[in-house]
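Each chain, written out:
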Amino acid sequence: MNWSKWIIASLIAGIVYYLLGWLVYGMLLADAMPLAEGMADIVQKKPEEMDMALMIVSCLAWGFLVGYVLVKSGASNWQEGATQGFIIGALMSLSMGAGMVAMFKFALMSNTWIDMVANGVCTAISAAVAAWFLGRGKQ
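Here's a quick rundown of the structure.

Cut-offs used in this document
- Residues numbered from 1 in each chain as written.
- Predicted model: local features only at pLDDT ≥ 70, side-chain atom pairs only at ≥ 80, totals over all residues.
- Heavy atoms only, no water.
- Core = buried A, V, L, I, M, F, W, Y, C linked by side-chain atoms within 4.5 Å.
- Buried < 20%, exposed > 50% of the residue type's maximum accessible area, 1.4 Å probe, protein only.
- Helix = DSSP H or I, 4+ residues; strand = E, 2+ residues; numbered from the N terminus.
- Contact = heavy atoms within 4.5 Å.
- Expected span 1.5 Å × (residues − 1).
- Bend = angle between axes of the 7 residues up to and from the residue.
- Patch = residues over 30% accessible without salt bridge, like charges linked within 9 Å, V, L, I, M, F, W, Y side chains within 5 Å.
- Areas by Shrake-Rupley, 256 points an atom, 1.4 Å probe, with all protein chains shown as cover.
- Salt bridge = Lys/Arg side-chain N within 4 Å of Asp/Glu carboxyl O.
- Polar contact = N/O pair within 3.5 Å; in protein donor to acceptor, adjacent residues only side chain to side chain.

1. Side note on the nonpolar core
Core analysis: the largest hydrophobic core is formed by 20 residues, its most contacted members being V66 and L70. For this core, the elements supplying multiple residues, two or more each, are α1 (3–28), α3 (52–73) and α5 (109–135). If you tally residues by element for this core, the top one is α5, at 7 residues. Residues in contact with L70, not counting those within four places in the same chain, are A75, G81, Q84, A127, A130, A131 and L134.

So this is what it looks like as structure tokens:
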């Protein structure tokens with residue numbers, strides 16, 4: 001495995017994913033995924049309490065997972081990256097969301113469906129950019 005390509009592609013994916021997350025979750029879907037009644041004050045931090053350093057770690061870790069899959073699969077164009085990214089993002093979101101709904105009262109399956117699509121799209125775009133980087137110069 002080409003470690004430098006993996007690291008660069010992963011950083012690209014993580015940064016793009018962070019920016020898309022801010023746009024999609026922070027702006028477009030801010031009011032579309034409410035918590036179960038009475039749970040917001042219990043489990044949700046106020047914006048000023050949010051730990052942005054951990055959010056960056058989360059997005060970069062996601063980028064490294066996506067970058068690893070792309071490198072191992074040999075993705076070399078944006079279309080392959082987008083397809084693989086959507087599948088990874090949507091299935092991971094469905095897996096985590098359904099598990100949360102199964103175990104916790106604050107989670108809602110309606111939010112899981114929304115998150116599944118949103119995370120699939122955000123991951124698809126992030127992976128498309130990373131795969132484009134990986135495929136530069138290949139024809």
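Structure shown, so let's carry the discussion forward.
2. Focus on α1
Taking 1.5 Å per residue, 26 residues should reach 38 Å; α1 reaches 35 Å between its end C-alpha atoms and fits that length. Along α1, the sharpest kink reaches roughly 25°, centred on G21. All of the buried residues in α1 are W6, A9, S10, A13, G14, V16, Y17, L20, G21 and V24. In this fold, the buried residues of α1 make contact with α3 and α5.

3. Considering a nonpolar patch on the surface
On the surface, a cluster of nonpolar side chains totalling about 850 Å² of accessible area is made up of W78, F86, I87, L91, V117, V121, I125, V129 and W132. Mapped by element, the contributors of at least two residues to the nonpolar patch are α4 (78–103) and α5. Considering each element in turn, the nonpolar patch owes the most residues, 5 residues, to α5. Counting through the fold element by element, I87 comes out in helix α4. Judged by relative accessible area, which is 45%, I87 ranks as partly exposed.

4. As for the side chain of N111
Looking at the element boundaries, N111 is found in helix α5. A distance of 2.6 Å separates a polar atom in the side chain of N111 from the backbone oxygen of P34. Beyond its immediate chain neighbours, meaning those up to four positions away, N111 contacts A32, M33, P34 and L35.

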